[in-house]
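As a plain string of letters, each chain reads:
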Amino acid sequence: MDRDVAHIADDPLAPSKDGGGIPPDHRVGWLARSVPVHARSFWYCFGGLTLFTAFMLAASGAFLALYYEPTPDRAYASIFYISNYVKYGWLIRSIHGWGARLMVAFLVVHMVRVYVTASYKHPREFTWVVGVLLFVVTMGFNLTGDLLPWDQKAFATSAAALSLLGQVPLVGDALVRIVAGGAGLGAPTLTRFYSAHIMLLPALLLGLVLLHFRMVRRHGIAGPL
Ligand code: HEM
């Protein structure tokens, strides 16, 4: 018996033509899809968890943007104000900071799961490539977000990242000029990092996530090993 047919026989929730075992009143139109049996496991949750943290970061970031002032003379003071004077500002800031670390951790587990289960193989190679771009964008969020508090830690991490970028053969210096808005870290860097953090990167993330999910829906979850 074909493996999928065996699933349907074994499990009433397995995919089927009549809506995948989901009771009619629980189907959400085109969103309805049942999850294959082998994918109903802990390790297959991390793509969705990554998405969940991205939502959390967008929501907490929107609140922070109400008070954050992206100029060299006000950035640190506005962060201090959020943490100490805005009601629950410390909580929103912590959710944003820890959420960012959690997103990277979930993302790495998701990538390792996809790699270990060989789910990147044909026909899902494009899903993997879009995933790699999503990884780069997520790292971009972390790089640009690190500078925003405009304190000693921010300078140290951003200066280290920019000096790494400067090591890229041939184009290193040009890349630093584009990213930092000058030969090194300075006031224009804060403007560039903030605008990338709240406009360019969210737009890229949204577009790439939609593409990623389109591919996941098109090919379905890869079969078990
Ligand atoms: C913001 C980042 C990302 C989000 C929100 C995301 C989300 C998801 C979700 C929800 C799935 C469905 C299956 C599952 O949850 O395990 C999935 C599948 C997949 N993802 Fe991601 N992903 C992201 C980044 C990545 C990265 C960095 C890679 C690899 C470099 C990747 C490669 C794949 C592949 C190949 C599949 C298909 C797996 C299969 O069919 O079993 N994704 N992704």
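Residues numbered from 1 in each chain as written. Predicted model: local features only at pLDDT ≥ 70, side-chain atom pairs only at ≥ 80, totals over all residues.

**Examining the overall build of the protein chain**
Inference 1: Of the regular secondary structure elements, the protein chain holds 8 helices and 0 strands.
Inference 2: Starting at the N terminus and ending at the C terminus, the protein chain contains elements arranged as α-α-α-α-α-α-α-α.
Inference 3: Across the 225 residues of the protein chain, 22% fall into the buried class. (Helix = DSSP H or I, 4+ residues; strand = E, 2+ residues; numbered from the N terminus. Buried ≥ 20, exposed ≤ 12 C-beta atoms within 10 Å, placed from the backbone.)

**Looking at the packing of helix H4 (residues 89-116) against helix H5 (residues 125-147)**
Inference 1: It is at 11 Å that the axes of H4 and H5 come closest, and there the two elements cross at 160°. By the angle between their axes, H4 is roughly antiparallel relative to H5. In the crossing of H4 with H5, the sense of the turn from one axis to the other is left-handed. Together, Ala100, Met103, Val104, Leu107 and Met111 of H4 and Gly131, Phe135, Thr138, Phe141, Asn142 and Gly145 of H5 make up the contact between the two elements.
Inference 2: A class-by-class count of the residues in the contact of H4 with H5 yields 7 nonpolar, 4 polar and no charged. (Axes fitted to C-alpha atoms, helices over the stretch in contact; angles between N-to-C directions. Parallel < 35°, antiparallel > 145°, perpendicular 65-115°, else oblique. Left-handed = near helix turned anticlockwise from the far one by under 90°. Contact = placed C-beta atoms within 7 Å. Nonpolar A, V, L, I, M, F, W, Y, C, P; charged D, E, K, R; others polar.)

**Considerations on the nonpolar core**
Inference 1: Counting 13 residues, the largest nonpolar core has Ala75, Leu147, Leu148, Trp150, Leu190, Phe193 and Tyr194 as the members making the most contacts within it.
Inference 2: Ranked by the residues each element gives to this core, the list is headed by helix H8 (residues 187-219), at 4 residues.
Inference 3: Ignoring sequence-local partners within four residues, the contact set of Ala75 consists of Glu69, Pro70, Leu148, Trp150 and Leu190.
Inference 4: Residues Ala54, Leu57, Met103 and Leu107 belong to the second largest nonpolar core, which totals 8 residues. (Core = buried A, V, L, I, M, F, W, Y, C linked by C-beta atoms within 7 Å.)

**Details of the site of the ligand**
Inference 1: Taken together, 26 residues lie near the ligand, and Gly47, Ser119, Gly131, Leu134 and Ala222 sit nearest.
Inference 2: Listed by contribution, the elements that provide at least two residues to the shell around the ligand are helix H2 (46-64), H4, H5 and H8.
Inference 3: In terms of residue count, H5 provides more of the shell around the ligand than any other element does, 7 residues in total.
Inference 4: Residue composition of the shell around the ligand, grouped by class: 16 nonpolar, 9 polar and 1 charged. (Near = placed C-beta within 6 Å.)

**Here's the deal with the environment of Gly220**
Inference 1: Turning to its location among the elements, Gly220 is positioned in the segment after H8.
Inference 2: Taking C-alpha positions, Gly220 is 9.5 Å from Arg33, a pair spaced 187 residues apart along the chain.

**With respect to the confidence of the model for the protein chain**
Inference 1: Looking at the protein chain as a whole, its pLDDT mean stands at 90, while 88% of the residues score no less than 70.
Inference 2: Within the model, the stretch residues 1-9 combines pLDDT values under 50 with 7 contacts to residues more than four positions away or in other chains.
Inference 3: The model gives residues 11-16 a pLDDT under 50, and that stretch makes 15 contacts with residues more than four places away or in other chains. (pLDDT = per-residue confidence, 0-100.)

**Regarding unusual backbone geometry**
Inference 1: At the junction of His122 and Pro123, the peptide bond is cis and its omega measures out at 5° in the coordinates.
Inference 2: The residue Tyr88 is not glycine, and still its phi comes out positive at about 60°.
Inference 3: Within the secondary structure layout, Tyr88 lies in the loop between helix H3 (75-84) and H4.
Inference 4: Tyr88 gets classed as exposed once you count the C-beta atoms within 10 Å, which come to 11.

**Description of the environment of His212**
Inference 1: If you trace the backbone, His212 turns up in helix H8.
Inference 2: By the C-beta count within 10 Å, which is 20 here, His212 ends up buried.
Inference 3: Taking the C-alpha atoms as reference, His212 lies 8.6 Å from Phe126; in sequence the two are 86 residues apart.
Inference 4: Excluding residues that lie within four positions of it along the chain, His212 makes contacts with Thr127, Val130, Gly131 and Leu134.

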